[in-house]
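Here's the letter readout for the chains.
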Amino acid sequence: HLPPAIIIIMLVQSILVASLMPLAAAYDNGLAKTPPMGWNTWCTDDACGLLDRCTEGLVKSIADAMVEQNMTSLGYEYVLMDDCWSAKERDSQGRLQPNKLRFPSGMKALADYVHSKGLKIGLYTCVGTYTCKNKLPGSYQNFEIDANTVAEWGMDLVKADFCNAKAPARELYTNFSRALNATGRPILFSLCEWGNENVTEWGGELGQMFRIQMDHIPFWHYPKTKGVAGAGIGQGTGDIIEYVSTLKPSSFVRPHAWLDPDFLETLFPITMDYTASRTEMSFWCLWSAPLIVATDVRKMSTEKRSILMNPEVIAIDQDALGVAGDIVARDDKTGAQVWAKPLHNGDFAVILYNRNRIFKNAHVSVAWKDLPGFPKEGTAANVRDLWSKRDIEEAKDSTGYDAEVAPRDVVFLRVSPAQAPALDE
């Protein structure tokens, strides 16, 4: 039996979550009750879209690697192709078709191979007339035939970009969503609308995940440049964290409706070091974001495995409560920030973060009573460091915690409220 104090905490959390949730129901076709996890071609052999290249062999090798390295046991299950697989023209019947040189066996055979590994497969298209690279065919005015085509191939996920759009986003994504549902095949629908046109208000009604800003590229800081479409203040990891701090994601994230800050760029060579990559993973998990890795997961280094395959960190992302974490305190003079997320069993995930890019450490502190939903009186907590996988003994039965945090780094904690003293003591 749970202690009375923990039951009270869980009830408070439930009331808090219910008060934050929009009235609209989430798009639920049985998929993505928790955030999707997997891999995408974009920054593996494709230089983050610059080369527009992926192959049948690449997809198969990644599927093999995900199984061999036991990523599947942690929830990684999607193998996804971005804007790199399509032929330049539709076939004689007006259907999408793959590039025959890169995918000689065809999409149905490739899907069968991925499914034989116990995994799921997905691909990219666009709600506009052309995709974002090399004017490959988009799905505009072809939503029904394209939905039927990908269903016949056995696709499990469709990502729809927003380039060359000829109508408002909500109209286009509504039409494509209906077409996918009409196939009768459960297909996860990923809206890549870049955070424009108030997608946080309606994206979860049409698909299970929706992009909230411009593309994420593998840098810590990359300011928004002319011609780059989408909401946000920049394309780097640190830029995305700052932008999400303005959104209050707990107000629109819920099961089957996940905010998508774009791919994980874990340990992309040279530009994404260990600290940046670990911080990226921490925030994606705190936000209950999809964990779609865009870098190579074949023959992962020990460092890369330690980031992508930490079960305690992944558990925060996949928590059954299905709530995103918010920023709860910040000091822009020092760079210190505190973020928090309630969990289904009454615990809290907490990030102590230093937003400074270089040189300056930040002293970051939090009092548990200041966390939304935490009991205000009489309850201390026990604390576990999720990256080091250890209980912090000096924080046992604590009323708060503080740490010196290096630039761009985090301390990622799981905070478990201790049982309150009995009333007769």
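The structure we're discussing is the one just above.
Read on for a plain summary of the structure. Since we're looking at a predicted model, the values are computed, not measured.

Reading the values: rules and limits
- Per chain, residue numbering runs from 1 following the sequence as it is written.
- Note on the predicted model: pLDDT of at least 70 is required for a residue's local features to be given, and 80 or more for side-chain atom pairs to be given and counted; whole-chain, interface and lining totals, by contrast, use all residues.
- Values shown for side chains rest on all heavy atoms present in the structure; no hydrogens or waters enter the calculation.
- Under the scheme used here, helices are H or I runs from DSSP no shorter than 4 residues and strands are E runs no shorter than 2 residues, and both carry numbers assigned from the N terminus.
- The atom set for the radius of gyration is the C-alpha atoms, and the globule formula is 2.2 Å times the number of residues raised to the power 0.38.
- Throughout, exposure labels follow a simple rule: accessible area from a 1.4 Å probe, protein chains only, divided by the maximum for the residue type, with under 20% read as buried, over 50% as exposed, and the rest as partly exposed.
- Two residues qualify as a contact provided that any one of their heavy atoms is within 4.5 Å of a heavy atom in the partner residue.
- Per-residue accessibility takes into account occlusion by the displayed protein chains alone, with areas from the Shrake-Rupley method and a 1.4 Å probe.
- As used throughout, the charge tally considers Lys and Arg to be positive and Asp and Glu to be negative, leaving His and the chain termini uncounted.
- Here the site of a charge means atom NZ of a Lys, CZ of an Arg, CG of an Asp or CD of a Glu.
- Being paired, for any two strands, means DSSP has found at least two bridges between them.
- Lines are fitted to the C-alpha atoms to define the axes, a helix being fitted only along its stretch in contact, and any angle between axes, read from their N-to-C directions, falls within 0 to 180 degrees.
- By definition, the crossover connecting two strands over a helix is right-handed if that path, from the first strand to the second, turns clockwise as seen with the strands pointing away from the viewer.
- The definition used for a disulfide is geometric: two cysteine sulfur atoms within 2.5 Å.
- Whenever Lys or Arg places a side-chain nitrogen within 4 Å of a carboxyl oxygen from Asp or Glu, that contact is recorded as a salt bridge.
- If an angle is under 35 degrees, it is roughly parallel; if it is over 145, roughly antiparallel; if it lies from 65 to 115, roughly perpendicular; otherwise it is oblique.
- All residues other than Ala, Val, Leu, Ile, Met, Phe, Trp, Tyr, Cys, Pro, Asp, Glu, Lys and Arg, Gly among them, are scored as polar; the first ten of these are nonpolar and the last four charged.
- Here, expected helix span is obtained from the residue count minus one, scaled by 1.5 Å.
- Here a polar contact means two N or O atoms within 3.5 Å. Within protein one must be a hydrogen donor candidate and the other an acceptor candidate, and residues neighboring in sequence count only if both atoms are side-chain atoms.

Description of the overall build of the protein
Inference 1: A count of helical and extended segments in the protein gives 10 helices and 16 strands.
Inference 2: Its C-alpha radius of gyration of 22 Å places the protein within 12% of the 22 Å reference for a compact globule of 425 residues.
Inference 3: Principal-axis analysis of the C-alpha atoms places the extent of the protein at approximately 80 × 45 × 40 Å.
Inference 4: Here the protein, with 425 residues, has 57% of them falling under the buried criterion.
Inference 5: Partitioning the intrachain contacts of the protein with sequence separation of at least 6 by distance along the chain shows that 70% fall at a separation of at least 24.
Inference 6: In the form shown here, the protein has an accessible surface area of approximately 17300 Å², with 52% of it arising from carbon and sulfur atoms.
Inference 7: The averaged location of the 52 negative side-chain charges in the protein is 4 Å from the averaged location of its 42 positive side-chain charges.

Some words on the sheet that holds strand β1 (residues 37–40)
Inference 1: In space, the eight strands of this open sheet follow the order β7-β6-β5-β4-β3-β2-β1-β8, with parallel pairing throughout. Looking along the sheet, the strands with just one partner apiece sit at the ends: β7 (258–260) and β8 (291–293). Pairwise comparison of adjacent strand axes, ignoring direction, gives a mean angle of 25° for this sheet.
Inference 2: Here strand β2 (residues 78–80) pairs with strand β3 (residues 120–126) via three bridges, running parallel. Looking across to β3, one finds that tyrosine 78 is bridged to lysine 120.
Inference 3: Running at roughly 140° to β3, helix α3 (residues 107–116) makes contact with β2 and β3 of the sheet.

Brief notes about the pairing of strand β5 (residues 188–191)
Inference 1: With burial as the criterion, each face of β5 is covered, one bearing Leu188 and Ser190 and the other bearing Phe189 and Leu191.
Inference 2: With four bridges connecting them, strand β4 (residues 157–161) and β5 associate as parallel partners. In the strand pairing of β5, valine 158 is matched with phenylalanine 189.
Inference 3: Traced from β4 through helix α5 (residues 169–182) to β5, the parallel crossover comes out right-handed.
Inference 4: The pairing of β5 with strand β6 (residues 209–211) spans two bridges and is parallel. Paired with serine 190 across the two strands is methionine 209, which belongs to β6.
Inference 5: Each parallel crossover has a hand, and for β5 linked through helix α6 (residues 199–206) to β6 it is right-handed.

Observations concerning the pairing of strand β15 (residues 400–405)
Inference 1: Where burial is concerned, the two faces of β15 differ: the one with Tyr401, Ala403 and Val405 is buried and the one with Gly400, Asp402 and Glu404 is not.
Inference 2: Note: strand β12 (residues 362–367) against β15, six bridges, orientation antiparallel. When the bridges of β15 are listed, histidine 363 appears paired with glutamate 404.

A word on the state of the cysteines
Inference 1: Applying the stated criterion to the full structure yields three disulfides.
Inference 2: For cysteine 54, the disulfide goes to cysteine 84, at an S-S distance of 2.1 Å. Linking cysteine 54 and cysteine 84, the disulfide has an S-S dihedral of approximately 95° and is accordingly described as right-handed. Taken together, the positions of cysteine 54 in the loop between β1 and α2 (56–68) and cysteine 84 in the loop between β2 and α3 put the pair 30 residues apart, joining distant regions of the chain.
Inference 3: Look at cysteine 54 and you get buried, because its relative accessible area is 1%.
Inference 4: Counting only the cysteines that take part in disulfides, in the order they occur along the protein, gives the pairing 1-2, 3-4, 5-6.
Inference 5: Cysteine 285 takes part in no disulfide bond, and the closest cysteine sulfur to it belongs to cysteine 43, at a distance of 19 Å.
Inference 6: A relative accessible area of 0% places cysteine 285 in the buried class.

Quick word on helix α7 (residues 237–244)
Inference 1: Along α7, eight of the eight residues are buried, which leaves the element largely enclosed by surrounding structure.
Inference 2: If you check which residues of α7 are buried, you get Thr237, Gly238, Asp239, Ile240, Ile241, Glu242, Tyr243 and Val244.
Inference 3: Lining the buried residues of α7 we find α8 (274–286), β9 (326–331), β10 (336–342) and β11 (348–354).

Considerations on the pattern of salt bridges
Inference 1: Across all of its chains, the model carries 22 salt bridges by this definition.
Inference 2: The closest approach of N and O atoms between arginine 298 and aspartate 45, which form a salt bridge, is 3.5 Å. With arginine 298 in the loop between β8 and α9 (302–308) and aspartate 45 in the loop between β1 and α2, the pair connects residues that are 253 residues apart, well separated along the chain.
Inference 3: Residue arginine 298 is classed as partly exposed on the basis of its relative accessible area, which comes to 25%.
Inference 4: According to the relative accessible area criterion, aspartate 45 is partly exposed, its value standing at 32%.

With respect to the packing of α5 against α6
Inference 1: Contact pair α5 / α6: the axes reach a minimum separation of 10 Å and the direction vectors enclose 10°. Compared by their axis directions, α5 and α6 come out roughly parallel. For the pair α5 and α6, the contacting residues are Ala169, Arg170, Tyr173, Thr174 and Ser177 in the first and Trp202, Glu205 and Leu206 in the second.
Inference 2: In terms of residue class, the contact of α5 with α6 is built from four nonpolar, two polar and two charged.

Considerations on α8
Inference 1: Taking 1.5 Å of rise per residue, the 13 residues of α8 would be expected to cover 18 Å, and the 18 Å separating its terminal C-alpha atoms lies within 8% of that figure.
Inference 2: α8 sits mainly inside the fold: 11 of its 13 residues count as buried.
Inference 3: For α8, the complete set of buried residues consists of Ala276, Ser277, Arg278, Thr279, Glu280, Met281, Ser282, Phe283, Trp284, Cys285 and Leu286.
Inference 4: The backbone nitrogen of threonine 275 has a side-chain oxygen 3.3 Å away, supplied by the residue at the start of α8, namely aspartate 273.

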